[in-house]
Amino acid sequence: MRLLQRHLCMIAMSLVAISSAQAAPLVEPTLHIKPAASGAGHVALTLDACGGQTDTRILSALVENKIPATIFVTGIWLKRNAAAVEIMRAHPDLFELENHGGRHVPAVDTPRKIYGIRSAGSPEAVQAEVESGAAALARTGGPAPKWFRGATAEYSPSAIAMIRKLGFKVAGFSINGDGGSLLGARETARRISAAKDGDVIISHINQPTHAAGEGVVQGLLALKEKGMTFVRLDDADGFGNNGTTD
Ligand SMILES: [Zn+2]
């Protein structure tokens, strides 16, 4: 009998080992905003500032053309880009700054790599990433962030639940504009200019040397030319249309 118990116990232990080896699949939430009631439509432009520098081609184009955007910034980027932050804060009508985490580690609570980036790896580390990102933003003196987008925009389902519990909405997207800023200018412009009413575009504003940045500007100007208007996520949220479909 004792032998049988030990045997059952070993079976139970091996099941645990199997289930932890096959970690839950990651989710990449999508996000749309409610289509505009009239006109050529509207889209939400979201730009990630993961680390590195500022793409002034994009920042200048947004200011000159009065295109509003939601910028997802990390603690790392905020430290190194004070001049850009100052420009964004000087145009509160255009720029909404939101939380992209403290250290740009994916909000995945099991140890693994996503696009070569090591995940936070535990619930505590996900919480620290979210809270340190919000704290870094608070130190710049702007409004408290309401949205969170994790590094790589992929999450474990349990991490999404935690982010929501911490009081943040998870910022998915519907159009991957620049393929992690690795696409060429032409393809980036094509993807962004193809945005339809209600789309949420993701691109990057932290890679000034990448060709994709030029494509971001071209794509946005093409949308503007078509009469498309731009809203920030908070404005869209004001309409109560931030449903994620993860
Ligand atoms: Zn990022």
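Note that the structure is a prediction, hence the values are computed from the model and not measured.

J.: Before we go on, may I ask you to explain the coordination of the zinc ion in this structure?
T.: Octahedral metals with six donors have ideal donor angles of 90 or 180 degrees. Tetrahedral metals with four donors have an ideal donor angle of 109.5 degrees. Taken together, the protein ligands of the zinc ion are C50 (SG), H100 (NE2) and H104 (NE2), with distances of 2.1 to 2.2 Å. If you list the donors of the zinc ion from N- to C-terminus, the spacing comes out as C-x49-H-x3-H. In this pair, C50 is assigned in the loop between β1 (42-49) and α2 (56-64) and H104 in the loop between β3 (95-99) and β4 (113-114), connecting sequence segments 54 residues apart. In this structure C50 comes out as buried when scored by relative accessible area, which is 10%.

J.: What is the right way to read the packing of aromatic side chains from this model?
T.: The description of an aromatic ring pair uses the distance of the two centres, along with the angle that the planes make with each other. Going through the model one piece at a time under the given rule, you end up with zero aromatic pairs. R149 extends its terminal NZ or CZ atom over the ring of F72, reaching a point 4.5 Å from the ring centre.

J.: Looking at this structure, how should I read the packing of helix α7 (residues 185-193) against helix α8 (residues 212-225)?
T.: The description of two packed helices rests on the angle between their axes and on the distance between the axes. Two elements in contact, α7 and α8, have axes separated by 7 Å at closest approach and are oriented at 30°. By the angle class used here, α7 and α8 are roughly parallel. Here α7 runs over α8; the crossing is right-handed. Of the residues in α8, those touching α7 at A185, T188, A189, I192 and S193 are A212, E214, G215, V216, Q218, G219, L220, A222 and L223.

J.: Please explain the side chain of D178 as it appears in this structure.
T.: Inspection of the secondary structure assignment puts D178 in the loop between β8 (175-176) and α7. R191 provides the closest opposite charge to the buried, salt-bridge-free D178, at an N-O distance of 7.1 Å. Among the polar contacts listed, one links the side chain of D178 to the backbone nitrogen of G180, at a separation of 3.3 Å. Among residues more than four places away in sequence, those in contact with D178 are L183, T188, I202, S203, H204 and A212.

Cut-offs used in this document
Residues numbered from 1 in each chain as written. Predicted model: local features only at pLDDT ≥ 70, side-chain atom pairs only at ≥ 80, totals over all residues. Heavy atoms only, no water. Donors = N, O, S within 2.8 Å, 3.2 Å for Na, K, Ca; no water. Helix = DSSP H or I, 4+ residues; strand = E, 2+ residues; numbered from the N terminus. Buried < 20%, exposed > 50% of the residue type's maximum accessible area, 1.4 Å probe, protein only. Phe/Tyr/Trp six-rings, centres within 6.5 Å; stacked < 30°, edge-to-face > 60°. Lys NZ or Arg CZ within 6 Å of the ring centre and 35° of its normal. Axes fitted to C-alpha atoms, helices over the stretch in contact; angles between N-to-C directions. Parallel < 35°, antiparallel > 145°, perpendicular 65-115°, else oblique. Left-handed = near helix turned anticlockwise from the far one by under 90°. Contact = heavy atoms within 4.5 Å. Lys, Arg positive; Asp, Glu negative; His and termini not counted. Salt bridge = Lys/Arg side-chain N within 4 Å of Asp/Glu carboxyl O. Polar contact = N/O pair within 3.5 Å; in protein donor to acceptor, adjacent residues only side chain to side chain.

Just distances and angles here, no functional claims.
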